[in-house]
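Structural characterization, general
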Amino acid sequence: MHQVALIPHGATQSGRLNKDDCGRYNITFRTKSGIALLYNEETNNTYDVCLKLTKEVLTIQKLDVVCTSGSESQVNHRTVVLRRQTTGGLGLSIKGGAEHNVPVVISKIFKDQVADQTGKLFVGDAVLQVHLLRTAGDEVTITVRYLREVPSFLKLPLGSPGLSTDHSRVSSPLFDSGLHLNGNGNNTAPSPPLPSANEPKYEKRWLDAVSIPLLMARVSRYKAGTDKLRSNCFEVFALDGANTNILQFCTAAESTDWLQAISTNINDLTQENIKIINKYCSSDDQIVHMGWACESLEGTTAGRTSAFKFLALRGPYFYIFRNPPISAADWGQAETTYNLYEVLFKVHKLWMAEDCWLQARLYLGLEHSPEQQDNESLCFSILVGHGQSHTFRVELATDLAIWEKSFQRAVFLEVQRIR
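These notes cover the structure that comes with them. (Residues numbered from 1 in each chain as written. Predicted model: local features only at pLDDT ≥ 70, side-chain atom pairs only at ≥ 80, totals over all residues. Heavy atoms only, no water.)

**Remarks on the overall build of the protein chain**
Each helix and strand in the protein chain was counted, giving five helices and 21 strands. Residue burial in the protein chain is summarised as follows: out of 419 residues, 47% are buried. Considering only intrachain contacts with a sequence separation of at least 6, the fraction spanning at least 24 residues in the protein chain is 59%. (Helix = DSSP H or I, 4+ residues; strand = E, 2+ residues; numbered from the N terminus. Buried < 20%, exposed > 50% of the residue type's maximum accessible area, 1.4 Å probe, protein only. Contact = heavy atoms within 4.5 Å.)

Okay, here's the thing in structure tokens:
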């Protein structure tokens, strides 16, 4: 029987040691895979997903049941005949129901009993229709469809959704309907008849659901438009507006690890893009750094609001965009442009950006994460003449350090140019 390979939390990752434009060495992640939860704000449910990170794309996969051989008469639906044996039951349990406002779902399949032997039923299947063909339910025809977004508490625990070799694992007792269609657990049902050659065979597989290109993408741990920090969660937004929805993790360490890996790949792609652009620009028009930051805006009666802006240090100017500049003409469409000589850069907590040894300890997990401190620790301000100022927030301490070093370098290059 085919076994779905599941990757444990934080497993399978690779990287390399590189030196960035600010002269700092860091590990650049290239690939990473693992299990997470996808949170749906509309239904308030979470779903198991598999994340796959490469240099250029973050892919979200969801479990689904696919037909691997034979003829499949009805797409997405499976009709299975279960014949109760005299020495055992049907060998499955269900949860949910209209009274709980959730679908009726198969929550457990007992190993080596009738339901397991069919090879056509899986934990997470929604029960669409049931027909009792004989008295006392000796023969039952059940029509099911696998729900890719069934609430996690109706299936197996996080990290082990749908292992085909371990159907007997006990799932969460929440919303248990109390219906266990099995007999005496000590009895084993006789072996079923051999399937015909044309009979369809099914397997559970991880299938790609959403792919987020990382070039010019951004991440956020905050609720949209606010400075309210989510716990162990973040979202990834692509340049075209596509997003992952809210990704949840079991621990703050796991969430931070994924956030760092995704952010590092985004920054890597940005640096490559900068190098390509700079090849065709004069020495006075070089891009030093660019990327996303969240600007804190003056709040209303409801409190402070915020908006993501794309910032760039290029030649003698500091640019603030609503969206990243893609073409040469876009550079003339900045929301605000300042001359570097009239701008003062200020980190709200300078020690966090300057202490490179602390950054190394934070990365290795030997120190308390700055992402769990107050929001001000990851902010910087741009002070301009006439009392104007902008305050920006970044997601990681490394982002703050890069912006500080980049401003220092851009100002130094501008001074050299003026001389």
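On we go.
**Remarks on the environment of Asp227**
Relative to the elements of secondary structure, Asp227 occurs in the loop between β12 (218-220) and β13 (233-237). On a C-alpha basis, the gap between Asp227 and Thr305 in space is 6.9 Å, while along the polypeptide they are 78 residues apart.

**Structural notes on the packing of aromatic side chains**
Counted under the stated rule, the structure contains 13 aromatic pairs. Consider the rings of Trp292 and Phe310, whose centres lie 5.5 Å apart with planes at 80°: the pair is edge-to-face. Taken together, the positions of Trp292 in strand β15 (residues 287-300) and Phe310 in strand β16 (residues 303-314) put the pair 18 residues apart, joining distant regions of the chain. Comparing Trp292 with Phe310, the two get one shared label, buried. Ring centres 6.4 Å apart and planes at 45° place the aromatic pair Trp403 and Phe407 in the tilted group. You can see Trp403 and its partner Phe407 sitting in helix α5 (residues 397-418), four residues apart, about one turn around the helix. The residues Trp403 and Phe407 share a single accessibility class, namely buried. Through pairs of rings, three or more aromatic residues link up here, namely Phe318, Phe345, Phe380, Phe392, Trp403 and Phe407. Sitting over the face of the ring of Trp292, Arg218 holds its NZ or CZ atom 5.6 Å from the ring centroid. (Phe/Tyr/Trp six-rings, centres within 6.5 Å; stacked < 30°, edge-to-face > 60°. Lys NZ or Arg CZ within 6 Å of the ring centre and 35° of its normal.)

**Considerations on the environment of Lys62**
With respect to the helices and strands, the residue Lys62 is situated in strand β4 (residues 57-69). Along the primary structure Lys62 and Ala209 are separated by 147 residues, whereas in three dimensions their C-alpha atoms are 6.2 Å apart. Contact partners of Lys62, with chain neighbours within four places excluded, come to Leu38, Val49, Arg148, Glu149, Arg205, Trp206, Leu207 and Ala209.

**Considering unusual backbone geometry**
Positive phi outside glycine occurs at Asp112, with the angle close to 70°. Take Asp112: it is sitting in the loop between β7 (102-109) and α1 (114-118). Phi at Met216 takes a positive value of approximately 65°, unusual for a residue other than glycine. One can find Met216 in the loop between β11 (201-213) and β12.

**Notes on the nonpolar core**
Within the largest apolar cluster, 23 residues are counted, with the highest numbers of intra-cluster contacts made by Leu51, Leu58 and Ile262. Considering every element that reaches this core, the biggest residue donor is helix α2 (residues 252-279), with six residues. Apart from the residues lying within four places of it in its own chain, the contact partners of Leu51 are Lys32, Ser33, Gly34, Ala36, Leu58, Thr59, Ile60, Leu247, Phe249 and Trp258. In this structure, Leu311, Phe380, Val394 and Phe407 belong to the second largest nonpolar core, which totals 22 residues. (Core = buried A, V, L, I, M, F, W, Y, C linked by side-chain atoms within 4.5 Å.)

**Thoughts on the environment of Tyr317**
In this structure, Tyr317 sits in strand β17 (residues 317-321). In this structure Tyr317 comes out as partly exposed when scored by relative accessible area, which is 33%. If we skip the residues at most four places from it in the chain, Tyr317 touches Ala312, Thr337, Tyr338, Asn339 and Leu340.

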